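# Topology and contacts: notes
The lines below spell out each chain.
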Amino acid sequence: MDPVRNPYSPGAGSPPPALVGRDAQLDAFDIAVQRLGIGRSAKSQLLTGLRGVGKTVLLREFGRMAESHGWTHVPTEATDDQRFVESMAMLARKALLRLSAGRRAVDRVRRALGILRSFSARWNLPDGSEFALGFDPVPGFADSGALDDDLAGLFIAIGELAQDHDAGVLFTIDELQYLSQRELSTLIVGLHRVSQEQLPFMIAGAGLPSLPSFAGEARSYAERLFAFPVIDSLPAEEASEALSVPAADEGVTWQPGALERIVDLTDGYPYFLQEFGKQAWNIAAGPDCITTADVAAAAAVAVDELDSGFFRVRIGRTTDAERSYLAAMASLGPGPYGSGKVATAMGKTTTQVGPHRDSLIKRGLCYSPRHGIIDFTVPMFDQFIRHWTA
Ligand SMILES: Nc1ncnc2c1ncn2[C@@H]1O[C@H](COP(=O)(O)OP(=O)(O)O)[C@@H](O)[C@H]1O
Ligand SMILES: [Mg+2]
């Protein structure tokens, strides 16, 4: 059928034509934004889940929701080579820039920008913020040298300015697993201080299940500040809806057997659903139905696309030793895997292969669901690897 009208959208962060199965998170978030807007307490969300389940999409939807309530949304993505303070200052800068756009530099704006200057100076940040340069630093705020205090000072300045303008500010931080345990904890402690001021300021985040756990006081703060929904594959009915609803909008139906087959092949993982849906649509002769035979013909193309895109980019930067470790995991079938069994499959001891295991976790390819257990962060990765090493 007409590829131009193909509604399906495989791709990292690509908004799906129908966002199904996430109502609980969306509703909770909408309520939280509105509560913070009127000075009530509310929990934000830290989403965790495997690759391709729809965390980024959901985070962006949070951003749109916040904007629909007049909030400013500033998104960012953590990387493994970024200085944490610098990325926080950058977020603050963007938020303040937007909040002050088109407004006269009244006292509150001057003060907030001055606090950003103090923060940048204290933390030796390149002051790329020309717009803040003309403002005098505000000593005594966000410049103590204790990062959690200083972040709190910065967040409070943002929250106060937002409140002054009857608005709010949402930071969304994706790929949170790249923050160290210390950075994550610092962020939480800073955020905790703001939450006590009842300001319209919120951070929502998403990361792989390898997200570090919170240490010390950050742990109890985190539980008060956040809900921790696990984003996962879609149950059969919703997985079918993810495909049938967008087709119906185009006047196209799926044969029930065709949907069942795709749900079966993809295990309901959103990324895979979009890829299979896309290929089945393109292969189908139509004009208004996608059949079981179309799905059978499309499956090989979809698997090929996933292999050369979604899966292969994950493998891209790994070393030979890391790949051997991945191959040993995959040789054992679907996960999770006992670390000891993986080592045995390689003819080595757990200690010998420990460094490879750790580096795979650091790269976000694997995670440890419990002590002594390891699994892939990418759904169905074992199949891909077996395929690829065969
Ligand atoms: N709730 C959903 N229903 C249907 N498709 C979805 C849903 N959430 C995400 N997708 C699709 O899944 C793919 C991966 O989404 P993404 O947000 O990048 O996942 P993640 O951030 O968890 O790796 C995208 O192609 C997106 O369109
Ligand atoms: Mg993502």
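### Observations regarding the overall build of the protein chain
- Scanning the protein chain from N- to C-terminus turns up 16 helices and 10 strands.
- Over its C-alpha trace the protein chain gives a radius of gyration of 23 Å, about what one expects of a compact globule, namely 21 Å for 390 residues.
- Seen through its principal axes, the protein chain has C-alpha atoms that stretch 70 × 60 × 35 Å.
- Taking all 390 residues of the protein chain together, the buried fraction comes to 50%.
- Restricting the contact set of the protein chain to residue pairs at least 6 apart, pairs at least 24 apart contribute 75%.
- For the protein chain, the exposed surface amounts to about 17500 Å²; the carbon and sulfur share of it is 49%.
- Averaged over its 37 positive side-chain charges, the protein chain has a centre that lies 6 Å from the centre of its 47 negative ones.

### Side note on unusual backbone geometry
- With omega at 10°, the peptide bond leading from Gly286 into Pro287 counts as cis.
- Structurally, the position occupied by Pro287 is in the loop between helix 11 (270-283) and strand 7 (289-290).
- Here the residue pair Gly335 and Pro336 is connected by a cis peptide bond, since its omega of 0° sits within 30 degrees of zero.
- Counting through the fold element by element, Pro336 comes out in the loop between helix 13 (320-331) and strand 8 (337-338).
- Backbone geometry places Asn124, a non-glycine residue, at a positive phi of 50°.
- As for its position among the elements, Asn124 is in the loop between helix 4 (107-122) and helix 5 (130-133).
- Residue class for Asn124 comes out exposed when judged on its relative accessible area of 63%.
- Residues other than glycine seldom take positive phi values, yet Asp267 does so here, at roughly 60°.
- Inspection of the secondary structure puts Asp267 in the loop between helix 10 (256-266) and helix 11.

### Comments concerning the domain arrangement of the protein chain
- When its domains are assigned, the protein chain resolves into domain 1 (23-227), domain 2 (236-314) and domain 3 (317-389).
- Between domain 1 and domain 2, the C-alpha centre-to-centre distance is 38 Å.
- With 4 residues of domain 1 at the contact, the number on the domain 2 side is 5 residues.
- Buried surface at the junction of domain 1 and domain 2, summed over both partners, amounts to about 390 Å²; 66% is from carbon and sulfur atoms.
- Broken down residue by residue, the surface that domain 1 buries against domain 2 is led by Arg51, Gly52 and Val53, which jointly contribute 87%.

### A word on helix 12 (residues 292-315)
- Taking 1.5 Å of rise per residue, 24 residues should cover 34 Å, and helix 12 covers 32 Å from first to last C-alpha, within 8% of that figure.
- When the local axis directions of helix 12 are compared, the greatest deviation, roughly 40°, occurs at Leu306.
- Every buried residue of helix 12 is listed here: Asp294, Val295, Ala298, Ala299, Ala302, Leu306, Asp307, Phe310, Phe311 and Ile315.

### Notes on the sheet that holds strand 9 (residues 366-367)
- The 3 strands lie next to each other as 8-10-9, forming an open sheet whose pairing is antiparallel. Where the open sheet ends on each side, the last strands, each with one partner, are strand 8 and strand 9.
- As paired strands, strand 8 and strand 10 (residues 373-376) are joined by 2 bridges and run antiparallel to one another. In the strand pairing of strand 10, Tyr337 is matched with Ile374.
- In this fold helix 13 packs onto strand 8, strand 9 and strand 10, with an angle of close to 95° to the strand it touches most, strand 10.

### Things to note about the pattern of salt bridges
- Under the criterion given, the structure shown has 11 salt bridges.
- Between Arg108 and Glu160 there is a salt bridge, with its nearest N and O atoms 3.7 Å apart. Residue Arg108 is located in helix 4, and its partner Glu160 is located in helix 6 (residues 147-164); the two are separated by 52 residues in the primary sequence.
- Using a relative accessible area of 32% as the deciding quantity, one classes Arg108 as partly exposed.
- One salt bridge connects Asp382 with Arg386, and the closest N-O pair in it is separated by 3.1 Å. Of this pair, Asp382 and Arg386 both sit in helix 16 (residues 381-389), separated by 4 residues, roughly a single helical turn.
- For Arg386, a relative accessible area of 33% gives the class partly exposed.

### Side note on the site of ligand 1
- Near ligand 1, the surroundings consist of 25 residues, among which Ser9, Gly13, Ser14, Gly52 and Lys55 are the closest.
- One of the side-chain N or O atoms of Lys55 is found 2.7 Å from an oxygen atom in ligand 1.
- Contact distances for ligand 1 include 2.8 Å between an oxygen atom and a backbone N or O atom of Val57.
- Look at ligand 1: alone it shows 560 Å² of surface, and the protein chains cover 96% of it.
- Of all the secondary structure elements, the ones that give two or more residues to the shell around ligand 1 are helix 2 (55-68) and helix 11.
- Here the shell around ligand 1 is composed, by residue class, of 14 nonpolar, 8 polar and 3 charged.
- Two domains each put at least three residues into the shell around ligand 1: domain 1 (23-227) and domain 2 (236-314).

Cut-offs applied
Residues numbered from 1 in each chain as written. Chains lettered and ligands numbered in written order. Predicted model: local features only at pLDDT ≥ 70, side-chain atom pairs only at ≥ 80, totals over all residues. Heavy atoms only, no water. Helix = DSSP H or I, 4+ residues; strand = E, 2+ residues; numbered from the N terminus. Rg over C-alpha atoms; globule rule 2.2 N^0.38 Å. Buried < 20%, exposed > 50% of the residue type's maximum accessible area, 1.4 Å probe, protein only. Contact = heavy atoms within 4.5 Å. Areas by Shrake-Rupley, 256 points an atom, 1.4 Å probe, with all protein chains shown as cover. Lys, Arg positive; Asp, Glu negative; His and termini not counted. Charge placed at Lys NZ, Arg CZ, Asp CG, Glu CD. Domains from an automatic or database assignment. Buried area = accessible area lost by both parts, 1.4 Å probe. Expected span 1.5 Å × (residues − 1). Bend = angle between axes of the 7 residues up to and from the residue. Pairing = 2+ DSSP bridges. Axes fitted to C-alpha atoms, helices over the stretch in contact; angles between N-to-C directions. Salt bridge = Lys/Arg side-chain N within 4 Å of Asp/Glu carboxyl O. Near = heavy atom within 4 Å. Polar contact = N/O pair within 3.5 Å; in protein donor to acceptor, adjacent residues only side chain to side chain. Nonpolar A, V, L, I, M, F, W, Y, C, P; charged D, E, K, R; others polar.

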